[in-house]
Structure formats: C-alpha cells, structure tokens
Amino acid sequence: MNHAEASGAETARTSDAHHSRLALAHYADGPFWACLAIIACAYLALIGCMLISDLFYTTPGDLLDALKSEDIQYSIKLSLITVTISAILSVWTAVPIGYLMSRISFRGKNFIDAALDIPIVLPPLVIGLSLLILFQAAPLKWFQTHFFQVTYAVPSVVLAQYTVACAFAVRTMRNTFDSIHPRREQVALTLGCSRSQAFFKVVLPEARRGIFTAFTLAWARAMGEFGPILIFAGSTRQKTEVLPTTVFLELSIGDIEAALAVSLIMVFAAVLLLLAIRNYGVSQAQQNVI
Amino acid sequence: MIQVESLHIQLGKFELQHVSFEVNPGEYAVLMGRTGCGKTTILEAICGLRPIVSGRILLNGADATRMKPAMRGIGLVPQDGALFSTLTVREQLAFALTIRGWKHDAIKKRVDELAELLGVTHLLDRGVHGLSGGERQRTALGRALAFHPRILCLDEPMSALDDETRDGLCSLLKDVQSATGACFLHITHHRDEAHALGDRILRMEDGAIREIDQNELQRPNAPLYSQSEIMTG
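This one's a predicted model, so the numbers in the text were calculated from it and none came from an experiment. (Residues numbered from 1 in each chain as written. Chains lettered and ligands numbered in written order. Predicted model: local features only at pLDDT ≥ 70, side-chain atom pairs only at ≥ 80, totals over all residues. Heavy atoms only, no water.)

Participant: How should the sheet that holds strand E5 (residues 62-63) of chain B be read in this particular structure?
Facilitator: Note on sheets: strands pair through backbone hydrogen bonds, and any given pair is parallel or antiparallel. Residues and elements named next belong to chain B. Pairing within the open sheet is antiparallel, and its four strands lie in the order E2-E1-E4-E5. Each edge of the open sheet is held by one strand with a lone partner, namely strand E2 (14-23) and E5. Across seven bridges, strand E1 (residues 2-11) lies against E2 in antiparallel orientation. Its bridge partner being in E2, glutamine 3 is matched across the sheet by glutamate 22. Its contacts with the sheet put helix H1 (residues 39-47) on E1, E2 and strand E4 (54-59), and the angle it makes with E1 is roughly 115 degrees. (Pairing = 2+ DSSP bridges. Helix = DSSP H or I, 4+ residues; strand = E, 2+ residues; numbered from the N terminus. Contact = heavy atoms within 4.5 Å. Axes fitted to C-alpha atoms, helices over the stretch in contact; angles between N-to-C directions.)

See the structure below:
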C-alpha cells in the first residue's frame, strides 16, 4: 500500500467514525422527545384528572339542588354583572394605555411599564387591604358620604376585580399594538387622517382580536378574583357575595357539594372563554399572516 | 415639485446632514443608495412622518417643513403596501376620499376610474387577504393616487415582486405618471427599475445626494450594490 492509499484508508476510517457518532446522536433524539412528552403528559394529566374528579365527586341532582339556593343564584347574578362591568372598564382603560406605551417613547417609560404590572405581582390580599386603606382617606370618605357607598358594597366588588383584571388587559393591549406595524397609521396620516382618525379608523379595527382577548382575559381574571374582594368588599350573603366568595363560605360551613357546584360553574365559564379566545384568535392570526 | 434644502435628521446615533436635492414638477426621480444609508428616512421626512432638526422642505413651492402629514398632499406607497387589513380593495381606494368628506357618487366614480386605470376592477369587493404581491401594490398605488396628489413617494414598492410582475408594474407606473402628471420620488435598489422609470436618478453616498446619468447607472463596474444588499434591501 503506497502513501496515498494509506492516507485514503485513514480518511475513510475517520469518516466512518464520524458517521457512527452522527447516527448515535440521531438515535438519541428519541429519548429527548420522549422526556418532553412525558413531562407535558404528566402536567396535562394533572389538569384533566383534577377536573374529572370534580365531576365524579358530585351528581347532577346535587348540583341542581345547590343551584336552587337563593344565595347561590344571587352570587351567580352578581358575579356575571360585576365581572362584565369590570371587563368593559378594563378594556376602556387598557386600550389607551396600551397604545400610549406601544407608540410613545418618553423618559421613565420603563418605570411606568413596571408600575403597570404591580397589580399582577402584588399578593391579592395586599391589593384588597390597599384599596380599603385608600378609601379611608378623607376625600374618598367624603365621596362615599355624599355620593354612594363603595367599601363593603357592590361598587367595591367591581373596583377590586377591575384593579387586578385591568393590569392583564393592559399587558394584552400593549402586545397587540406592538404587533400592529405603525406604517399603516403613517399611511393613514398621509391620506389625510389626524392622529385620532388614524387610531379609530385603522388601528382600532386591526386590534379587534386583541381587544376581544383583553376583554375575555379580564373577564376570566375578574371571575376568579377572591382575595381583594374578601378584604375590600367583605363576604356578606346576598350583598357582596360573588362566586369565589360562595365557594369559600360553603366550604367554611362544610357544604362541599354546594362549593363544588359553584366551582363547576366557574370551570365551565373558563373552558368556554378559552375556546372562544382560541377560535377567534386562530382565525384572526391566519388573516394577520398576510 | 419637491425641494429639500440642507436637511438635518437625527435618529439616535444615526444622523443625516446637509441633504439637498429637488425633483421638478412632472418628473420621475429615482433615489438609490446602500441599505441603511437613510433613503427611507428622507422619504419619511418629506411625508412629515419623521421630525427634522433643521433644513427646509418645500412642496410645490410652499414651505411644508412643519406641516402635518395630512396637509402635505403626498401619496405614499410603502414597501409592503401596508394595506389596511380590515378594509376591502374598494374601501382602500375610497379611504382618502371618505376622510375628505367626498359625496358617495363622487367617491364611486373616482374608485371605478382608479380601478380601471390600475386593473383591479375585479378585486374591488375582495378583502386584502389573499391578494398577490402585484395586486397589493396596485391597490396601495390606487389608495395613494385617489385624492389626486401632486407628489407621489414610493418606497421600494417592487422589492418583493417577481420579474414579470415588476415589469408590469413598471409600465403601469409610467402610464400613471403620464396620466396624472404628478411628481414621483421612487426609492429602489434595482438598476433596471431605475433605468426603466427614472427621468432623473439620484444616488445617496456618504450622506450626500448626487445625480447620476443613465450611462453611469449602466456602467458594469459602477460601484452600486452587491447582490446580498439587493436581497436584504
């Protein structure tokens, strides 16, 4: 074997070794994907089993009995009304703040951005307590004396829900406006629009998916709100009792069936909302690709 | 007519100074230059979309330096068309006219006229989703032309089109220019596009704009742009 042949054989051996290592690396992809799938399945199983066990713990008869209770009917009605008002108020607040934060640069913007997240990161009880203390301040006491009662009344339920839900709506709207290229507004400006016309005629219609998502997220968030309501609005039956309060009150007197019936209502509401967001989101996302 | 005098624009660390040029009435000017040299920034400043530090912009003889974009009467055709995704083609073409409060019949007449000129009559009632690249650019052109602007600014309007569509749009732009008599400022990286369209070719180099002639444009060793720049431009 001459030098060239020896060198060729050596190259072939090296190449074979590399190929075997490559084959081994590809073979190793299987366990990698399996690990990911196992973790995902375990978490999904936890969620699924949790909901299924709720369903099997009770019977439709028990559920109906619980739903016949006047207290629970009041709590469902109050929840639906307050949550819807909170979600509408949240969207009204979130759209201008989200647009401002998305389009305008100013000194201290990072600080403001962080401040807007405070209701998300603060412990719920602290939010309730802070609201309660705020309404002990003289101007707000005067307001309550001369106009209407807020603390421990229905307005406090709305305000407690709104304070937290709005922060989620603001985040959603900020992301929505970030994803709409400012070029379209700029074109609208050259076509004769003022800033407000460009906003209402071009940006807002394009943000409809985000507005819908912000509304539903705020709605869902407000529906689950408990801590701030307990502190700021109290848990008086037939007065400031919303669905999470009912779960708490029923559990505290040992009526698990009633607590579960109310919990299932919230589960169904959450599932419906998720489906709505997903369906509307997908159809819009497909359109926005173009 | 566009007159830009000693324009100074500052965008963070990016700066353009002493930019001066003019485009005469009814002239088709093509502005070329390397990627990132500031061509689009100048176009945006002319349209009133970019604040300037100093200098003057005169449009049809009037000082428009501090004018709002809406008052400048410039039609803008951006690179990707930037069509309004919630409107139909008809509504896009009617947009500027609706804002100006035109009567319904007048809007309809103008939209039909534009649609025929641009060959988009069959698309009028369609949404913008699913339009081809050429159809999108025709619609964007129609939207910009609707209110009879005397000046039209086009920012690489054909960068995403195939050769055949590009040729079609080139001849359409020439037809539109002769039909409207407007003054066009067109940014492109494409030598052939500049050759086919430009009455005057401007090149931006080292922050300054100078006019080049067709011979210089066509010279094989002209220091224009590499293929990679054309692709990313």
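From this point, the narrative continues.
Participant: Would you explain the packing of aromatic side chains in this entry?
Facilitator: Pairs of aromatic rings are described using the distance from one ring centre to the other and the angle between the two planes. Residue and element names in this part refer to chain A. Counted according to the given criterion, the structure contains twelve aromatic pairs over all chains. Each ring, one from phenylalanine 135 and one from phenylalanine 232, has its centre 5.4 Å from the other, and the planes form 50 degrees; the classification is tilted. Of this pair, phenylalanine 135 sits in the loop between helix H7 (124-134) and helix H8 (138-146) while phenylalanine 232 sits in helix H13 (residues 227-232), placing them 97 residues apart in sequence. For the pair formed by phenylalanine 135 and phenylalanine 232, the shared burial category is buried. Each ring, one from tryptophan 142 and one from phenylalanine 147, has its centre 6.0 Å from the other, and the planes form 70 degrees; the classification is edge-to-face. (Phe/Tyr/Trp six-rings, centres within 6.5 Å; stacked < 30°, edge-to-face > 60°. Buried < 20%, exposed > 50% of the residue type's maximum accessible area, 1.4 Å probe, protein only.)

Participant: I'm lost on a negative patch on the surface in this one. Help?
Facilitator: Residue and element names in this part refer to chain B. There is a patch of like negative charges on the surface, built from Asp162, Asp163, Glu164, Asp167 and Asp192. Among the elements that make up the negative patch, the one with the highest residue count is helix H6 (residues 163-180) (three residues). Its place among the elements puts aspartate 167 in helix H6. Residue aspartate 167 is classed as exposed on the basis of its relative accessible area, which comes to 52%. (Patch = residues over 30% accessible without salt bridge, like charges linked within 9 Å, V, L, I, M, F, W, Y side chains within 5 Å. Areas by Shrake-Rupley, 256 points an atom, 1.4 Å probe, with all protein chains shown as cover. Salt bridge = Lys/Arg side-chain N within 4 Å of Asp/Glu carboxyl O. Lys, Arg positive; Asp, Glu negative; His and termini not counted. Charge placed at Lys NZ, Arg CZ, Asp CG, Glu CD.)

Participant: What's the story with the packing of helix H3 (residues 89-99) of chain B against helix H5 (residues 133-145) of chain B in this structure? I'm lost.
Facilitator: A packed helix pair is summarised by two numbers, namely the angle formed by the two axes and the spacing between the axes. Residue and element names in this part refer to chain B. At a minimum axis distance of 6 Å, the contact between H3 and H5 shows a crossing angle of 25 degrees. Comparing their axes, H5 and H3 come out roughly parallel. The way H3 lies across H5 gives a crossing that is right-handed. Contacts from Val89, Gln92 and Leu93 in H3 reach Thr139, Gly142 and Arg143 in H5. Partitioned by chemical class, the residues of the contact of H3 with H5 number two nonpolar, three polar and one charged. (Parallel < 35°, antiparallel > 145°, perpendicular 65-115°, else oblique. Left-handed = near helix turned anticlockwise from the far one by under 90°. Nonpolar A, V, L, I, M, F, W, Y, C, P; charged D, E, K, R; others polar.)

Participant: Explain the pattern of salt bridges to me, please; I cannot follow it from the model alone.
Facilitator: For side chains bearing opposite charge, pairing can occur when the charged atoms are close. Applying the stated rule across the entire model yields 24 salt bridges over all chains. As a salt-bridge pair, arginine 171 of chain A and aspartate 113 of chain A come within 3.3 Å of each other at their nearest N and O atoms. Here arginine 171 of chain A, found in helix H9 (residues 154-179), pairs with aspartate 113 of chain A, found in helix H5 (residues 109-116); they are 58 residues apart in sequence, far enough to count as distant. Arginine 171 of chain A gets classed as partly exposed once you look at its relative accessible area, which sits at 25%. Note that arginine 166 of chain B is salt-bridged to glutamate 193 of chain B, the shortest N-O span being 2.6 Å. With arginine 166 of chain B in helix H6 and glutamate 193 of chain B in helix H7 (residues 191-197), this residue pair connects regions lying 27 residues apart in the sequence. Overall, glutamate 193 of chain B belongs to the buried group, its relative accessible area being 3%.

Participant: Would you mind showing me how to read the nonpolar core here?
Facilitator: One broad trend across soluble globular proteins is that nonpolar side chains are buried collectively. Of all hydrophobic cores here, the largest spans 85 residues; its most connected members are Ile2, Phe21, Ile46, Phe95, Leu141, Cys153 and Leu185 of chain B. Examining the composition of this core, we find that seven residues originate from one element, H3 of chain B, more than from any other. Residues contacting cysteine 153 of chain B, with those up to four places away along its chain left out, are Leu43, Ile46, Cys47, Ile74, Gly75, Leu76, Val77 and Leu185 of chain B. Grouped together as the second largest cluster of nonpolar side chains are 32 residues, Ala165, Ala169, Phe199 and Leu243 of chain A included. (Core = buried A, V, L, I, M, F, W, Y, C linked by side-chain atoms within 4.5 Å.)

Participant: Help me understand the sheet that holds strand E10 (residues 208-212) of chain B, please; the structure alone is not making it clear to me.
Facilitator: All names here are of chain B. Strand order in this open sheet of six strands is E6-E7-E8-E3-E9-E10, and the pairing throughout is mixed. What marks the edges here is a single partner per strand, and that holds for strand E6 (74-77) and E10. Direction aside, the axes of adjacent strands within the sheet are offset by 20 degrees on average. In terms of strand pairing, strand E3 (residues 28-33) meets strand E8 (residues 183-187) through four bridges, oriented parallel. From the neighbouring strand, alanine 29 faces E8, where its bridge partner is leucine 185. H1 contacts E3, E6, strand E7 (151-155), E8, strand E9 (200-205) and E10 of the sheet and is inclined by roughly 150 degrees relative to E7.

By themselves, these observations are geometric and do not establish any function.
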